[in-house]
Amino acid sequence: MPTYAVTYRYVDDAAKLDHYRAEHRAFLREQYEAGRLLLSGPLTDGDAAALLIVRGDDMQDAQSVLADDPFRREGLIAEATTRGWNVVIGEFAALG
């Protein structure tokens, strides 16, 4: 199953992000436990953003993994990009 790198850029509303963060992380944990989300975490060098590594049959399937994210539901993701990622070195290379 192919691997995809998803980046989120969040809206500038720290209070609302904080309010929904636990629900967002619980949702991501479910995706991780289902084997669809491999890694996730905030980026620390600029705007409020995150990197998520997901598995999907194709790009549309990979995007569907995150479709029910509470941050998306609440309009807290200003921009999301999904790019195919060819992992050639590391533990996730063996999954492809």
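Scope of this entry: the structure provided in the associated data block. (Residues numbered from 1 in each chain as written. Predicted model: local features only at pLDDT ≥ 70, side-chain atom pairs only at ≥ 80, totals over all residues. Heavy atoms only, no water.)

## A look at the overall build of the protein chain
The helix and strand tally for the protein chain stands at 3 helices and 4 strands. Starting at the N terminus, the α and β elements of the protein chain follow one another as β-α-β-β-α-α-β. With respect to the principal axes defined by its C-alpha atoms, the protein chain has extents near 40 × 25 × 20 Å. Relative to its full complement of 96 residues, the protein chain shows a buried share of 33%. Across the protein chain, every contact between residues at least 6 apart in sequence was considered, and the portion connecting residues at least 24 apart equals 71%. Just so you have it, the protein chain exposes about 6,000 Å², and 48% of that area is on carbon and sulfur atoms. Considering the protein chain, the positive charge centre built from 10 side chains and the negative charge centre built from 16 side chains are found 1 Å apart. (Helix = DSSP H or I, 4+ residues; strand = E, 2+ residues; numbered from the N terminus. Buried < 20%, exposed > 50% of the residue type's maximum accessible area, 1.4 Å probe, protein only. Contact = heavy atoms within 4.5 Å. Areas by Shrake-Rupley, 256 points an atom, 1.4 Å probe, with all protein chains shown as cover. Lys, Arg positive; Asp, Glu negative; His and termini not counted. Charge placed at Lys NZ, Arg CZ, Asp CG, Glu CD.)

## Comments concerning the layout of surface pockets
The volume enclosed by the largest pocket comes to roughly 380 Å³. Residue lining of the largest pocket: 20 residues in total, with His24, Arg25, Ser40, Gly41 and Pro42 positioned closest to the centre. Across the lining of the largest pocket, the residue classes tally to 14 nonpolar, 3 polar and 3 charged. (1 Å grid on protein atoms, 1.4 Å probe; cavity = no way out; pocket = protein on both sides within 12 Å on 5 of 7 lines; lining within 4 Å. Points joined across faces, edges and corners; volume = space filled by probe spheres on them. Nonpolar A, V, L, I, M, F, W, Y, C, P; charged D, E, K, R; others polar.)

## Quick look at the sheet that holds strand β4 (residues 77–85)
Strand order in the open sheet formed by 4 strands is β2-β3-β1-β4, and the pairing between neighbours is antiparallel. Looking at which strands have only one partner, the edges of the open sheet turn out to be β2 (37–43) and β4. Going across the sheet, the axis of each strand differs from the next one's by a mean of 15°, ignoring polarity. Docked against the sheet, helix α1 (residues 14–33) engages β1 (3–10), β2 and β3 (49–55), running at close to 155° with respect to β2. (Pairing = 2+ DSSP bridges. Axes fitted to C-alpha atoms, helices over the stretch in contact; angles between N-to-C directions.)

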